[in-house]
Amino acid sequence: MKKKFFIVIDGIDGAGTTTHSSLLAGFLEGRGLSLHLTQEPSNSDIGQILRKFLKNKEIPPCTDALLFAADRSLHYYNEIKSKLDEGYIVISDRYIESSIVYQSVQSDEISIEWVKEINKFAGEPDLTIILDINPKISLARKTQEDLEKFEDTIFLDKVRELYLKRAEQKGYYIVNSDDIIEIVQEKIQKIVIDSLLNN
Ligand code: TYD
């Protein structure tokens, strides 16, 4: 089994990307594989600014898009690529698909092509899994005060539609995450193991 492998778990807010990325990391580490788990926004200074901006509705969508791309290029070169080169399997909780989907849905002035262009410096994942859930279900668990600017059902319905369309076009795996965690995680593990074995 080749070890160097870049996995992305993506999907709408509340779909469980953080929970499932972390469970998957534990599962693969338990099998003796060298594993590096990371997330976007990253832990860099740019990532910290982005986290602040998630609470601020006054930030122009193009600023978000450019900052996410800047954060990602830094994240890729300083962390993801370095870890892959050292022979690690890297799991990223969100990556370019988050920008393609969220930023293009945010504004009619932001095209998917432009988002791809500004993200061209970040390397492609080997495997992308999209977790899918109805936003009405995913947001019901959060209190109104905790909601970040993208956590709105009407917006997330559009985001979800675009994730599903992109997944179909690009051949990404889609896993329905509206089920008990263990069952969803098992489906993810199966996809990952099959992909690792076939790599
Ligand atoms: P999220 O995974 O929800 O972080 P947390 O679980 O810590 O709240 O991600 C933060 C938000 O950022 C989420 O609403 C999606 C959004 N986002 C983008 O709009 N574009 C991007 O490129 C990325 C990585 C995230």
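This one's a predicted model, so the numbers in the text were calculated from it and none came from an experiment. (Residues numbered from 1 in each chain as written. Predicted model: local features only at pLDDT ≥ 70, side-chain atom pairs only at ≥ 80, totals over all residues. Heavy atoms only, no water.)

Peer 1: I'd like a rundown of the packing of helix α2 (residues 45-53) against helix α3 (residues 61-85), residues and numbers included.
Peer 2: Two elements in contact, α2 and α3, have axes whose closest approach is 9 Å; the angle formed by their N-to-C orientations is 150 degrees. With respect to α3, the element α2 is oriented roughly antiparallel. Viewed along their axes, α2 and α3 form a crossing whose handedness is left-handed. Note on element contacts: α3 touches α2 through Thr63, Asp64, Leu67, Phe68, Ala70, Asp71 and Leu74, opposite Ile46, Gly47, Ile49, Leu50 and Phe53. Partitioning the contact of α2 with α3 into residue classes produces eight nonpolar, two polar and two charged. (Axes fitted to C-alpha atoms, helices over the stretch in contact; angles between N-to-C directions. Helix = DSSP H or I, 4+ residues; strand = E, 2+ residues; numbered from the N terminus. Parallel < 35°, antiparallel > 145°, perpendicular 65-115°, else oblique. Left-handed = near helix turned anticlockwise from the far one by under 90°. Contact = heavy atoms within 4.5 Å. Nonpolar A, V, L, I, M, F, W, Y, C, P; charged D, E, K, R; others polar.)

Peer 1: Give a detailed account of α3, specifying residues and quantitative values.
Peer 2: Look at α3: 34 Å from first C-alpha to last across 25 residues, which is about the 36 Å you get at 1.5 Å a residue. Three or more residues of α3 are buried, namely Asp64, Ala65, Leu67, Phe68, Ala69, Asp71, Arg72, His75, Tyr76, Ile80 and Leu84. Among the structural elements, β1 (5-11), β2 (35-39), α2, β3 (89-93), α4 (96-106) and α5 (112-118) are those in contact with the buried residues of α3. One or two positions beyond α3, positive phi appears at glycine 87, with a value near 95 degrees. (Expected span 1.5 Å × (residues − 1). Buried < 20%, exposed > 50% of the residue type's maximum accessible area, 1.4 Å probe, protein only.)

Peer 1: Could you give an account of the pattern of salt bridges, naming the residues involved and the relevant values?
Peer 2: Within this structure, the stated rule accounts for 11 salt bridges. Across the pair aspartate 10 and arginine 94 runs a salt bridge, and its minimum N-O distance is 3.5 Å. Taken together, the residues aspartate 10 in strand β1 and arginine 94 in the loop between β3 and α4 connect sequence positions 84 residues apart. For aspartate 10, a relative accessible area of 0% gives the class buried. Residue classification places arginine 94 among the buried residues on the basis of a relative accessible area of 15%. Across the pair aspartate 194 and lysine 190 runs a salt bridge, and its minimum N-O distance is 2.9 Å. Note that aspartate 194 and lysine 190 are positioned in helix α8 (residues 181-198) at a spacing of four residues, about one turn of the helix. (Salt bridge = Lys/Arg side-chain N within 4 Å of Asp/Glu carboxyl O.)

Peer 1: Hey, could you go over the packing of α4 against helix α7 (residues 153-170) for me, with residue numbers and the actual values?
Peer 2: With their axes 9 Å apart at the nearest point, α4 and α7 run at an angle of 135 degrees to one another. Here α4 lies oblique to α7, going by the angle between them. For α4 against α7, the interelement crossing comes out right-handed. Listed contacts from α7 to Glu97, Ser98, Ile100, Val101, Tyr102, Ser104, Val105 and Gln106 of α4 are Phe155, Leu156, Lys158, Val159, Leu162, Tyr163 and Arg166.

Peer 1: Tell me about the site of the ligand, and please be specific about residues and values.
Peer 2: Not every one of the 13 residues close to the ligand is listed here, only the nearest: Asp13, Arg72, Arg94, Ser99 and Gln103. Measuring from an oxygen atom of the ligand, one finds a side-chain N or O atom of arginine 51 at 3.0 Å. Take serine 99: an N or O atom from its side chain is 2.5 Å from an oxygen atom of the ligand. Alone, the ligand offers 550 Å² of accessible surface; in the complex the protein occludes 86% of this. Elements with a minimum of two residues in the shell around the ligand: α3 and α4. No other element matches the four residues that α4 contributes to the shell around the ligand. Class assignment of the residues belonging to the shell around the ligand gives a composition of four nonpolar, three polar and six charged. (Near = heavy atom within 4 Å. Polar contact = N/O pair within 3.5 Å; in protein donor to acceptor, adjacent residues only side chain to side chain. Areas by Shrake-Rupley, 256 points an atom, 1.4 Å probe, with all protein chains shown as cover.)

Peer 1: Account for the environment of tyrosine 172, naming residues and giving values.
Peer 2: The topology assignment puts tyrosine 172 in the loop between α7 and β5 (173-176). Accessibility expressed as a relative area gives 17% for tyrosine 172, which makes it buried. Counting along the chain gives 45 residues from tyrosine 172 to leucine 127, while the straight-line C-alpha distance between them is 7.5 Å. Aside from chain neighbours lying at most four places away, what touches tyrosine 172 is Glu97, Thr128, Ile130, Arg166 and Ala167. A polar atom in the side chain of tyrosine 172 sits 2.7 Å from the side chain of glutamate 97.

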